[in-house]
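# Understanding the architecture of this molecule
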Amino acid sequence: IGCGAKVLVYSDTEEQIKRHAWEWIHYVRKDVVGIQSCTSTRSVDGYTCDKAFDADLDTEWRLASLDDSGTGFGMLVSFYKHISIDGIVYEPTQESNNRFKVVRLVFSNGEAEVIYLKQSISMYKIQPRVTNYVRFDILDSIGVNPGAKEIKFTTASGSNTLSIDMWIRSSA
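Residues numbered from 1 in each chain as written. Predicted model: local features only at pLDDT ≥ 70, side-chain atom pairs only at ≥ 80, totals over all residues. Heavy atoms only, no water.

### Some points on the nonpolar core
Of all hydrophobic cores here, the largest spans 29 residues; its most connected members are F53, W61, M75, V77, F136, I151 and F153. Contributing elements (two or more residues each) for this core: β4 (35-39), β6 (72-92), β7 (99-107), β9 (122-142) and β10 (147-155). The element contributing the most residues to this core is β6, with seven residues. Ignoring sequence-local partners within four residues, the contact set of V77 consists of I35, S37, C38, F53, N132, Y133, V134, F136 and F153. (Core = buried A, V, L, I, M, F, W, Y, C linked by side-chain atoms within 4.5 Å. Buried < 20%, exposed > 50% of the residue type's maximum accessible area, 1.4 Å probe, protein only. Helix = DSSP H or I, 4+ residues; strand = E, 2+ residues; numbered from the N terminus. Contact = heavy atoms within 4.5 Å.)

### Here we look at the pattern of salt bridges
Counted under the stated rule, the structure contains ten salt bridges. The salt bridge involving R104 is made with D137; its shortest N-O contact spans 3.3 Å. Residue R104 is located in strand β7, and its partner D137 is located in strand β9; the two are separated by 33 residues in the primary sequence. For D137, a relative accessible area of 8% translates into the label buried. The residue R129 makes a salt bridge to E113 at a minimum N-O spacing of 2.8 Å. Note that R129 is positioned in strand β9 and E113 in strand β8 (residues 112-116), a separation of 16 residues in sequence. Each member of the pair R129 and E113 is classed as buried. (Salt bridge = Lys/Arg side-chain N within 4 Å of Asp/Glu carboxyl O.)

### What about the confidence of the model for the protein chain?
When pLDDT is averaged along the protein chain, the result is 75; 67% of the residues meet or exceed 70. Here strand β1 (residues 5-10) stands out as the least confident element of the protein chain, with mean pLDDT 35; β8 is the most confident, with 96. Predicted confidence for residues 158-170 stays below pLDDT 50, and this span has 34 contacts to residues more than four positions away or in other chains. (pLDDT = per-residue confidence, 0-100.)

### A word on the state of the cysteines
Taken as a whole and judged by the stated rule, the model has one disulfide. Covalently, C38 is tied to C49 through a disulfide, its sulfur atoms 2.3 Å apart. Taking the sign of the S-S torsion, about 100 degrees here, the bridge from C38 to C49 comes out right-handed. Remark: C49 occurs in the loop between β4 and β5 (61-62) and C38 occurs in strand β4; sequence separation between them is eleven residues. Neither C38 nor C49 differs from the other in exposure class; each is buried. (Disulfide = S-S within 2.5 Å.)

### Let's talk about the pairing of β8
Of the two faces of β8, only the one carrying E113 and I115 is buried; A112, V114 and Y116 on the other face are not. Sheet topology places β7 next to β8; five bridges connect them, and they run antiparallel. Counterpart to V102 in the pairing with β8 is Y116. Hairpin connection, β7 to β8: the antiparallel pair is bridged by four residues, and G110 has positive phi, about 95 degrees. (Pairing = 2+ DSSP bridges.)

### Quick word on the packing of aromatic side chains
Applying the stated criterion across every chain, the model contains four aromatic pairs. Ring centres of F79 and F153 lie 5.3 Å apart, and the angle between their planes is 90 degrees; on these two criteria the pair is classed as edge-to-face. Remark: F153 occurs in strand β10 and F79 occurs in strand β6; sequence separation between them is 74 residues. The exposure class of F79 is buried, given its relative accessible area of 4%. (Phe/Tyr/Trp six-rings, centres within 6.5 Å; stacked < 30°, edge-to-face > 60°.)

### With respect to the environment of R104
R104 sits in the partly exposed class, given a relative accessible area of 30%. Spatially, the C-alpha atoms of R104 and D137 are 5.0 Å apart, while their sequence positions differ by 33 residues. Not counting residues up to four positions away in its chain, the partners in contact with R104 are A112, E113, V114, R135, F136, D137 and L139.

### Quick notes on the side chain of S122
Along the chain, the position of S122 falls in strand β9. The exposure class assigned to S122 is buried, which follows from its relative accessible area of 11%. Within the structure, S122 has its side chain in polar contact with the backbone oxygen of S120 (distance 3.2 Å). (Polar contact = N/O pair within 3.5 Å; in protein donor to acceptor, adjacent residues only side chain to side chain.)

So, in structure tokens, the structure goes:
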């Protein structure tokens, strides 16, 4: 594996290995949460919300026309069980003029958190919480059919999954 290579180990885990000149290897494995289902009341035909969770960068989830303010209900994502999450990875559509700018995540315990989204793929840390669903409310967007290429939730420490971040001395 070359410098900075990303390797998909299985559908809900991502490994990243970076080799450094001084013969140390930085190994990161951050587990992501698999979803049970998603629903969106206004998806564009062929751009359903499940496309945001399919690990296929050639597909996208797109909302059908939002109201004049560009706000409203976006999507409800259900998990297989209650799980502790501490972050979200969001990759917007390739069209920078058709994207979400601000979303509110509402959790099964009634708590909510607002996230200001960047124009490029980014990871956002959120307050760790246990939930069995997340509702995306769109607070601000641009374009007629905003959406996402990929969305992933990351697990918090102490959940039933494993995350590793370590340095290894290379023998090569």
